[in-house]
Amino acid sequence: MAFSAPIRLGLDFDNTIVLYDEVFRCLGEESGLLPPGLSGGKRAVRDHIRSLEDGEAKWTALQARVYGPGLVRAVPSDGLMPFLGRCRAAGVELFIVSHKTEFAAADPGGTNLRAAAWRWILEQGLADPMRGGIPSGHIFFESTRAEKIARIAALGCTHFVDDLDEVFRDANFPPHIRTYLFAPAGGAPPDGPWRAAQGWTEVADDLFAPLAA
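Right, let's walk through the structure included here.

Cut-off values and rules
- Residues numbered from 1 in each chain as written.
- Predicted model: local features only at pLDDT ≥ 70, side-chain atom pairs only at ≥ 80, totals over all residues.
- Heavy atoms only, no water.
- Axes fitted to C-alpha atoms, helices over the stretch in contact; angles between N-to-C directions.
- Helix = DSSP H or I, 4+ residues; strand = E, 2+ residues; numbered from the N terminus.
- Parallel < 35°, antiparallel > 145°, perpendicular 65-115°, else oblique.
- Left-handed = near helix turned anticlockwise from the far one by under 90°.
- Contact = heavy atoms within 4.5 Å.
- Nonpolar A, V, L, I, M, F, W, Y, C, P; charged D, E, K, R; others polar.
- Buried < 20%, exposed > 50% of the residue type's maximum accessible area, 1.4 Å probe, protein only.
- Pairing = 2+ DSSP bridges.

This part takes up the packing of helix α1 (residues 21–30) against helix α3 (residues 55–67). At their nearest, the axes of α1 and α3 sit 10 Å apart, and the two run at 120° to each other. Between α1 and α3, the interaxial angle falls into the category oblique. In the packing of α1 onto α3, the handedness of the crossing is right-handed. Each of V23, F24, L27, G28 and E30 in α1 lies in contact with α3, whose residues at this interface are W59, L62, Q63, R65, V66 and Y67. Among the residues making up the contact of α1 with α3, the classes are represented as 7 nonpolar, 2 polar and 2 charged.

It is worth spelling out the pairing of strand β6 (residues 159–162) at this point. Side-chain direction in a regular strand flips from residue to residue, so the side chains alternate between the two faces of the sheet. Burial of the side chains of β6 extends over both faces: H159 and V161 are buried on one face and F160 and D162 on the other. As paired elements, β6 and strand β7 (residues 178–182) share 4 bridges and run parallel to each other. Across the sheet, F160 pairs through a bridge with T179, a residue of β7.

This paragraph deals with the sheet that holds β6. Spatially, β5-β4-β1-β6-β7-β8 is the arrangement adopted by the 6 strands of the open sheet, whose pairing is parallel. Each having just a single partner strand, β5 (139–142) and β8 (195–197) make up the two edges of the open sheet. Averaged over all neighbouring strand pairs, the angle between strand axes comes to 20°, with direction disregarded. Across the face of the sheet, helix α6 (residues 145–155) comes into contact with β1 (8–11), β4 (93–99), β5 and β6 while running at roughly 165° to β4.

Structure, rendered in structure tokens:
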């Protein structure tokens, strides 16, 4: 069974497709920035490090390590591949649109962040159609949030999943797109004109609801 109207679903990359909570904790401890056994995800790590002396600079430097060489230690979000397979079976067009610069501001001569992301995508089979993946020509990394939003609009996305509510709050974000705020770490998500989802099951329940009607 397929949708009566075309569905073009866009997905954010960092903290949506790929999760870094454990990487942030491990690298934070290894760097001496976190006490052993700190509970919570990326937000808890960020808040603790920002409370340190010169915390903002330390947090920025840690992000450069996580999104660069640390990416090999990151994992796909739970349920992602079955969700993508279900989308392909229903004829949903899939895209990745990410705000990701080539190099981290804190490490301009370091790891190419886009190259690291592509390596991870290929290693995980995310660009392999036989595994329910996304065609490589449908994967985009943009240098600014404005360019990301412009790409989403140009692709004609009808639905979009992102972990950052500020993307959806941006005045230039197309108002007709059905949006999902991805929050796998739990907690109360901010209120707004989106559907909150702690996992891909919740996105699927809403996305495929018309097929069950």
